[in-house]
Amino acid sequence: MIQANPLTLALAALLASAPLATLAQGKDPVRVGLVTSKSGVFAQQGEEVLRAVQFAIDEANAAGGVDGRKVEVQIADDEGTPDAGRRVAEKLARDGYNLLIGAIPSSISLAIAQNLERWDAAYFVVASKSDKLTGDTCKPRSFRTNHADAMDIAMINVWAKDLKEKSFAVLAADYVWGRDSGESFKKAAEAAGKSVPLSLYVPMGTKDFSPYIAQLKAANVEAIWVAEIGRDAIAFVKQAQEFGLIPAKKLIGHALILNFMVNATGDALKDTVGTTGYTPDIATPRNKAFVAAWKAKFNRLPTDNEGQAYNGAQVMFEGVRKAASAKPGDVSKALRGASFDSLYGPVTMRSQDNQLLLPNFVGRAKVVDGVLRPTIERQFEASITPAPSPLCKM
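(A) Structural detail: the state of the cysteines. The full count for this structure, using the stated rule, is one disulfide. At a sulfur-sulfur separation of 2.1 Å, the disulfide partner of Cys-138 is Cys-392. What sets the handedness of the Cys-138 and Cys-392 disulfide is the S-S torsion sign, and at about 105° it is right-handed. Remark: Cys-392 occurs in the segment after strand S15 (371-380) and Cys-138 occurs in the loop between strand S4 (122-125) and strand S5 (142-144); sequence separation between them is 254 residues. For the pair shown, Cys-138 and Cys-392 are each scored as buried.

Here is the structure:
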């Protein structure tokens, strides 16, 4: 009879009594590459995304990790430009931080998504809205966890019929998302029998909006569809108030009544309506828990960008759990077509284009508990989401 080594028996006993989290320490960690704007036109939104993703990582690690895996993160500044975003994302991926997340503008997300196979990475879109990301440039390792332009426009197609105004102008940023938004709104409004005689597309980085405001004031329209970005949007709203464009003409916004916009413009956006991707008012168990934990740490409610970024991190973690792996290829395969719980309630990652199917919201900037912030006025179910683009081939 063979006698067991006493050291072997002791080790076996120790392992049998060890917590599962301790046993799982041998698993590969989840290595997150957080690419977002710490400088440039999107810096304020980037700061919110960074804070929310870090909060999600800290929360996961405090609970023993994701699938028993420690979450590690490296952060890089995309400087608000596609070239810098692609460059720093590649470095993160090459260094092993190849679950990428966090860029704000669609131009940077598009630059990242095209290289994922080559970098052996996966990418989680939390803020970029261009339809191209889930259209003709869709990629099997790129997942959008926020609302696409097409989802917003589907909502606007329904909502536009109820707008009291009959005539509109468009003021939008002159890049892929702004043009998508402006052109889509014009089409939706005209389909509802309204007129859109003026469309202005403004170069990014514009500081003086007075020439555009003059044209908008002269236009014979009742309201203005605004799809502006970051600091440019703040400058426009402030100057629109200063030069008397508002409240004489009503603003209606695509991602205009964001928290950072409302906070930066005094009372200029009070009672302004528009799309909103997230507010703390979403009445699901997971969102209530998130809001409570966030408020306990920061003594305030999470912003729209923070809520969406946190949700995106949770989708990434869900992929790791479902794959029982932190490898980007495994995570990507596990997420396609998967259904799971989220801040928004039960959701599905559509397999044809990797678009997360979410309810959508029209909101209004109003005072709640002494604070001016976006609030939900109307919810539209995920069932109104348009079919996947036939241009998406995965």
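Okay, back to it.
(B) Up close: the layout of surface pockets. Taken as a whole, the largest pocket holds about 370 Å³ of empty space. Forming the boundary of the largest pocket are 16 residues, of which Asn-259, Arg-300, Leu-301, Val-371 and Arg-373 lie nearest the centre. When the residues that make up the lining of the largest pocket are grouped by side-chain class, the tally is eight nonpolar, three polar and five charged.

(C) Helix H7 (residues 149-160), seen in detail. Of all 12 residues making up H7, nine are buried, and the element is well covered by its neighbours. All buried positions along H7 are accounted for by Asp-149, Met-151, Asp-152, Ile-153, Ala-154, Met-155, Ile-156, Trp-159 and Ala-160.

(D) Focus on the pattern of salt bridges. For the structure shown, the criterion picks out 24 salt bridges. Among the ionic pairs, Arg-31 bridges to Glu-72, the shortest N-O distance being 3.2 Å. One end of the pair, Arg-31, is in strand S1 (residues 30-36); the other, Glu-72, is in strand S2 (residues 71-77), and 41 residues separate them in sequence. By relative accessible area, which is 33% here, Arg-31 ends up partly exposed.

(E) Inspection of the environment of Glu-117 at higher detail. Looking at where Glu-117 falls in the secondary structure, it is placed in helix H6 (residues 116-119). By relative accessible area, Glu-117 is classed as exposed at 52%. For Glu-117 and Arg-141, which are 24 residues apart along the polypeptide, the C-alpha to C-alpha distance reads 7.5 Å. Excluding residues that lie within four positions of it along the chain, Glu-117 makes contacts with Pro-140 and Arg-141.

What counts as what
Residues numbered from 1 in each chain as written. Predicted model: local features only at pLDDT ≥ 70, side-chain atom pairs only at ≥ 80, totals over all residues. Heavy atoms only, no water. Disulfide = S-S within 2.5 Å. Helix = DSSP H or I, 4+ residues; strand = E, 2+ residues; numbered from the N terminus. Buried < 20%, exposed > 50% of the residue type's maximum accessible area, 1.4 Å probe, protein only. 1 Å grid on protein atoms, 1.4 Å probe; cavity = no way out; pocket = protein on both sides within 12 Å on 5 of 7 lines; lining within 4 Å. Points joined across faces, edges and corners; volume = space filled by probe spheres on them. Nonpolar A, V, L, I, M, F, W, Y, C, P; charged D, E, K, R; others polar. Salt bridge = Lys/Arg side-chain N within 4 Å of Asp/Glu carboxyl O. Contact = heavy atoms within 4.5 Å.

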